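Structure at a glance
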Amino acid sequence: MTMTTTNEMTAAPPAHRRIANADLIGLAVILLVAAVGYFLFPNNLALLTRIIAAALLVLSLDLVTGYCGVATLGHAALFGAGAYAAGIASAHYGINDPLAMLAFGIVAGAVAGLICGVVILRAHGLPQLVLSIALIHLFHEFANKASSWTGGSDGLSGIAPTALFSLYEFDLWGRTAYVFGVALLVIVFLLLRLIVRSPFGMLCRGIKEDPIRIRSMGASPKIALTKMYVISGAVAGVGGALNAISTQVVGLDSLSFTMSAESLVMLVLGGTGSLFGALTGTVVFMFFEDVVSAANPFHWLTMVGALLIAVVLFAPKGIYGTAAALITRRREAP
Amino acid sequence: MQPIFEVRNLKRAFGGLAVTNDVSLSMAPGDRVALIGPNGAGKTTFVNLVTGNLKPDSGAVLIGGETVTSVDAIGRVRRGLVRSFQVTRLFADMTPAEHVALAVLQRSGRAGRLFGNFLGMPGVMAEVEDLLGKLGLKDLMHRKVSEIAYGQQRLLEIAVALALRPRVLLLDEPAAGVPQSDTGRIEQALADLPADLAVLMIEHDMDLVFRFAKRVIVLAAGAIIFDGSPSEVTKDPRVREAYLGSYANASHAA
Ligand SMILES: Nc1ncnc2c1ncn2[C@@H]1O[C@H](COP(=O)(O)OP(=O)(O)OP(=O)(O)O)[C@@H](O)[C@H]1O
Ligand SMILES: [Mg+2]
């Protein structure tokens, strides 16, 4: 699987500062979009929260696929693990504090990431893709069979998060959940910005390009990629837990092949190897899925398909990646 | 002096063709050895075998007295055996500064760090600028590798190897593809290496070989046919024969 990449870090001399500026701009854009969404769709905050959860999944996928070049169609396993862990903690163990549920989600996501990483990283290319598909089916089937824990195909219900910080109830309009989601997204985004430009992030980019060269520098690609998988799992776990907390149900679809494939579509749509690309792709795809499908229930899938083909053919770096490349080129040639 | 690097009876065949045929050699700290031989003699294969990029059929490799034949490529690098590649292997999307910084960070056990950036690490940057300065790449250090000339990529390949601070350095045709005007930089960088580092350089440029090496090993058809001083190599009848036709340079350069 070949994918064109955009990295946020094309360091030029005062690179520090430019990077820090990009962080601030990114933060400002996220908050602005979040605020606009809040005022445009005050009656549909649940949708916006779902977009945020999906964005966390796509960011997580970007870490292993965009930054490390791992081919996977099973990434929802990490998201679903987080969702079920947070949900089960509440529904079966009475752990209803949202932050505690979140912690369960993060740990479960990280563990699922470790398991998937260990299995998937044994292969490369097409066999790797097949392993990832096998894994998501196994996870799905396991959740289906363990119905006394997961509710099976009926879904897991009885999730009842208490007030956030014992202050903010999760209201019917989904305001608390939305603000909680935006806060989580911002925190995760900033942490990931740190990680992708850290020495470890640089190591992973090297592994993506030439693992043999990395070995000749004395570093182990396998250990680094496994570590990235665990981080990716934690991020997906945040998304899963957010989903469980905000919707108060967890269904098998959160552990599905469909969701895995859709997250890959969102990532490619926005642009792999860039956190902004992951966010852009999610927002565009989810917007199409929910808003356009409501306006035009018959043709929205056609439109998504056409959009995807157009992007892959004419903007192979994705929507964000292509836009960023254009801007860079313009800046360099005044 | 105890050898820092030793190869014993190394053998490897590809489909019946012995590409490395019972090769033995040993190097002491500070050695400057040139490994020469006609195209297809098995020089690169030898490097691949000793660094663990390829498995030998039989034989042993020792670093600092320790047998590393069953140690993987990563473990051998960590024991100080570092190579450069004949065909440049660099990360097209990364900058020279990032390449060298990654090597420095890896060497010092910091390549797994999840925070900070090498641009903000004065110690790392000092080393990056020093090394790239020596190889004349400082002005390009923040350009993507895909945007710099091949000759400069060759120099970067050497910078990465040096940044790992090896005990034994294997250079596979470091000057191939480097413009004549820049080979001086390679020589200078080699001359600046720590005195106790053992260097084995594969090279076709005989002028470079004779200025650099105090010992020359000639490989032909997978076997060592000569191991001695540079002054004797061109007089050796077997070497002349091996090079006949394929390589008129050898006699002319002496
Ligand atoms: N993986 C391989 N499979 C089969 N044959 C190989 C393989 N690698 C090398 N060879 C063969 O082994 C022989 C030696 O190749 P090698 O690359 O080691 O030569 P070399 O001395 O480095 O040559 P050059 O000076 O051209 O770099 C060649 O005949 C080559 O075709
Ligand atoms: Mg060769």
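Quantities reported herein were computed from a predicted structural model and do not represent experimental measurements. (Residues numbered from 1 in each chain as written. Chains lettered and ligands numbered in written order. Predicted model: local features only at pLDDT ≥ 70, side-chain atom pairs only at ≥ 80, totals over all residues. Heavy atoms only, no water.)

Here's the deal with the overall build of chain A
- A tally of helices and strands in chain A yields 14 helices and zero strands.
- Along the chain direction, N to C, the helices and strands of chain A fall in the order α-α-α-α-α-α-α-α-α-α-α-α-α-α.
- For chain A, the C-alpha atoms occupy an extent of roughly 55 × 45 × 40 Å along the three principal directions.
- Split into buried and exposed, the 334 residues of chain A put 54% on the buried side.
- Long-range contacts, defined as pairs at least 24 residues apart, comprise 79% of the intrachain contacts of chain A with a sequence gap of at least 6. (Helix = DSSP H or I, 4+ residues; strand = E, 2+ residues; numbered from the N terminus. Buried < 20%, exposed > 50% of the residue type's maximum accessible area, 1.4 Å probe, protein only. Contact = heavy atoms within 4.5 Å.)

Here's the deal with the packing of helix 2 (residues 45–66) of chain A against helix 11 (residues 257–270) of chain A
Residue and element names in this part refer to chain A.
- The N-to-C vectors of helix 2 and helix 11 enclose an angle of 75°; their axes lie 9 Å apart at closest approach. Classified by the interaxial angle, the pair formed by helix 2 and helix 11 is roughly perpendicular. Taking contact as the criterion, the partners of Ala 54, Leu 57, Val 58, Leu 61, Asp 62 and Thr 65 in helix 2 are, on helix 11, Met 259, Ser 263, Leu 264, Met 266 and Leu 267.
- Residues belonging to the contact of helix 2 with helix 11 are distributed by class as follows: eight nonpolar, two polar and one charged. (Axes fitted to C-alpha atoms, helices over the stretch in contact; angles between N-to-C directions. Parallel < 35°, antiparallel > 145°, perpendicular 65-115°, else oblique. Nonpolar A, V, L, I, M, F, W, Y, C, P; charged D, E, K, R; others polar.)

Describing the sheet that holds strand 9 (residues 215–220) of chain B
Residue and element names in this part refer to chain B.
- Here six strands make up an open sheet; going across it, the order is 6-7-8-3-9-10 and the pairing mixed. Of all strands in the sheet, those bounded by a partner on one side alone are strand 6 (81–83) and strand 10 (223–228). When the angles between neighbouring strand axes are averaged without regard to direction, this sheet yields 20°. (Pairing = 2+ DSSP bridges.)

What to know about the coordination of the magnesium ion (ligand 2)
All names here are of chain B.
- In this structure, Thr 44 (OG1) and Gln 86 (OE1) serve as the protein donors to the magnesium ion (ligand 2), at separations of 1.9 to 2.1 Å. Remark: Gln 86 occurs in the loop between strand 6 and helix 3 (96–107) and Thr 44 occurs in helix 1 (residues 43–51); sequence separation between them is 42 residues.
- You can call Thr 44 partly exposed: its relative accessible area is 25%.
- Classification of Gln 86 by relative accessible area gives partly exposed; the value is 29%. (Donors = N, O, S within 2.8 Å, 3.2 Å for Na, K, Ca; no water.)

Observations regarding the site of ligand 1
All names here are of chain B.
- All residues adjacent to ligand 1 are Phe 14, Val 19, Asn 39, Gly 40, Ala 41, Gly 42, Lys 43, Thr 44, Thr 45, Gln 86, Glu 173 and His 204.
- Within the backbone of Ala 41, one N or O atom sits 3.2 Å away from an oxygen atom of ligand 1.
- With respect to ligand 1, the backbone of Gly 42 contributes an N or O atom lying 2.9 Å from an oxygen atom.
- Here ligand 1 loses 60% of its free accessible area of 640 Å² to cover by the protein chains.
- Here the shell around ligand 1 takes three residues from helix 1, the largest share from any one element.
- Of the residues that constitute the shell around ligand 1, the class distribution is three nonpolar, seven polar and two charged. (Near = heavy atom within 4 Å. Polar contact = N/O pair within 3.5 Å; in protein donor to acceptor, adjacent residues only side chain to side chain. Areas by Shrake-Rupley, 256 points an atom, 1.4 Å probe, with all protein chains shown as cover.)

Focus: helix 12 (residues 275–295) of chain A
Residue and element names in this part refer to chain A.
- For helix 12, with 21 residues, the first-to-last C-alpha span of 30 Å sits near the 30 Å given by 1.5 Å per residue.
- The largest bend along helix 12 reaches roughly 30° and is located at Phe 288.
- A distance of 3.3 Å separates the backbone nitrogen of Phe 276 from a side-chain oxygen at the start of helix 12, and that oxygen is part of Ser 274. (Expected span 1.5 Å × (residues − 1). Bend = angle between axes of the 7 residues up to and from the residue.)

Quick look at the pattern of salt bridges
- In the structure shown here, the tally under the stated rule is 17 salt bridges over all chains.
- Here Arg 205 of chain A ties to Glu 98 of chain B by a salt bridge, and the two come within 3.0 Å at their closest N and O atoms. Placement of the pair is Arg 205 of chain A in helix 8 (residues 199–209) and Glu 98 of chain B in helix 3, with the two residues belonging to separate chains.
- Looking at Arg 205 of chain A, the relative accessible area reads 5%, which means it is buried.
- Given a relative accessible area of 1%, Glu 98 of chain B falls into the buried group.
- The shortest N-O distance in the salt bridge between Asp 93 of chain B and Lys 144 of chain B comes to 3.6 Å. Residue Asp 93 of chain B is located in the loop between strand 6 and helix 3, and its partner Lys 144 of chain B is located in the loop between helix 4 (122–134) and helix 5 (150–163); the two are separated by 51 residues in the primary sequence.
- A relative accessible area of 25% places Lys 144 of chain B in the partly exposed class.
- Counted as one network, the salt bridges with shared partners bring together Asp 23, Arg 193 and Arg 197 of chain A. (Salt bridge = Lys/Arg side-chain N within 4 Å of Asp/Glu carboxyl O.)

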